Amino acid sequence: MPDVYKPLDAIRTTLETHYTDMQDIEFTIQEGRLWMLQCRVGKRTGTAALNMAMDMLEEGLITKQQAVMRVKPAQLDELLHPIVDPAAERNAKPLAKGLPAGPGGACGQVVFTAADAVAWTKQGKTVILVREETNPEDVEGMRAAVGILTARGGMTSHAALVARGWGKCCIRRRRGARRRRPRQGHQGGREGDQGG
């Protein structure tokens, strides 16, 4: 296999130079021979798209106009959501792990009812609404909270749909994931783009 690495790397470089973009390359090795199957522009997050565009601009591979066009509108929207400080996230002990059902990140005190979310927010507190699942009666609490954590539901659940529509962080806890039981007022953070 090591003897096919150099030709594969050379082909990757040629393709990325030709297309002036990161490539997703499909290949196979059969009887020690490298076969290229196809390539296409590689998918990336908004942050990665911005970083790659800026790197390519600095390297002189693309123009400013091309760099701007490399970040799609949906990726730009992704960049505008709040995120949790990566250093703080690395040092935190997670309450739960889950699926990213809404964008961005949030940090606040845990509340268990929509009424508490509204009341605590009026007191100037930042809250995360933690529910088994949400329903239309929880909407005002969801609006008041900076993030939502549910135990049930998926990407099309009430919490996920409302949170995405409002651009709010929402995590749906994974079944079987180890978790600690949060208590009312506990300070916690959620990273919706990565699944908490």
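Residues numbered from 1 in each chain as written. Predicted model: local features only at pLDDT ≥ 70, side-chain atom pairs only at ≥ 80, totals over all residues. Heavy atoms only, no water.

Engineer: It is not clear to me how the environment of D55 should be interpreted in this structure. Could you clarify?
Structural biologist: Mapped onto the fold, D55 is located in helix α2 (residues 46-58). The exposure class assigned to D55 is partly exposed, which follows from its relative accessible area of 42%. Considered as a pair, D55 and A67 are 12 residues apart in the sequence and their alpha carbons are 9.3 Å apart. (Helix = DSSP H or I, 4+ residues; strand = E, 2+ residues; numbered from the N terminus. Buried < 20%, exposed > 50% of the residue type's maximum accessible area, 1.4 Å probe, protein only.)

Engineer: How should I be thinking about the packing of aromatic side chains in this particular structure?
Structural biologist: Aromatic ring pairs are defined here through the distance separating the ring centres and the angle between the ring planes. If you walk through the whole model with that rule in mind, you get zero aromatic pairs. In this structure, R33 packs its charged tip against the face of W35, placed 4.6 Å from the ring centre. (Phe/Tyr/Trp six-rings, centres within 6.5 Å; stacked < 30°, edge-to-face > 60°. Lys NZ or Arg CZ within 6 Å of the ring centre and 35° of its normal.)

Engineer: Just to check I follow, could you spell out the pattern of salt bridges for this structure?
Structural biologist: Side chains carrying opposite charge are able to pair once their charged atoms draw close together. Across all of its chains, the model carries 10 salt bridges by this definition. Measuring nitrogen to oxygen at the nearest pair gives 3.7 Å for the salt bridge that ties D21 to R70. Of the two residues, D21 sits in the loop between α1 (2-19) and β1 (23-30) while R70 sits in helix α3 (residues 64-70), which places them 49 residues apart along the sequence. The same class applies to D21 and to R70, which are both buried. Each of D9, R12 and E16 takes part in one network of salt bridges that share partners. (Salt bridge = Lys/Arg side-chain N within 4 Å of Asp/Glu carboxyl O.)

Engineer: Honestly, the nonpolar core in this entry has me stumped. Any pointers?
Structural biologist: Considering soluble globular proteins, one finds that nonpolar side chains tend to be buried as a cluster. Of all hydrophobic cores here, the largest spans 14 residues; its most connected members are V111, V127, L129, M142, I148 and C170. Of all the secondary-structure elements, those providing two or more residues to this core are α6 (114-122), β5 (127-131) and α8 (158-166). Looking at which element gives the most residues to this core, the answer is α8, with four residues. What L129 contacts, discounting residues up to four positions off in sequence, is V111, F112, T113, A114, A117, G141, M142, A145, G147, I148 and L149. Within the second largest apolar cluster, five residues are counted, among which are V110, I128, V130 and I171. (Core = buried A, V, L, I, M, F, W, Y, C linked by side-chain atoms within 4.5 Å. Contact = heavy atoms within 4.5 Å.)

Engineer: What should I look at first to understand unusual backbone geometry in this one?
Structural biologist: Non-glycine residue T20 carries a positive phi angle of around 45°. Tracing the chain through its elements places T20 in the loop between α1 and β1. Despite not being glycine, E31 shows a phi value in the positive range, around 50°. Considering the arrangement of structural elements, one finds E31 in the loop between β1 and β2 (33-41).

Everything listed here is a matter of geometry and, on its own, says nothing about what the molecule does.
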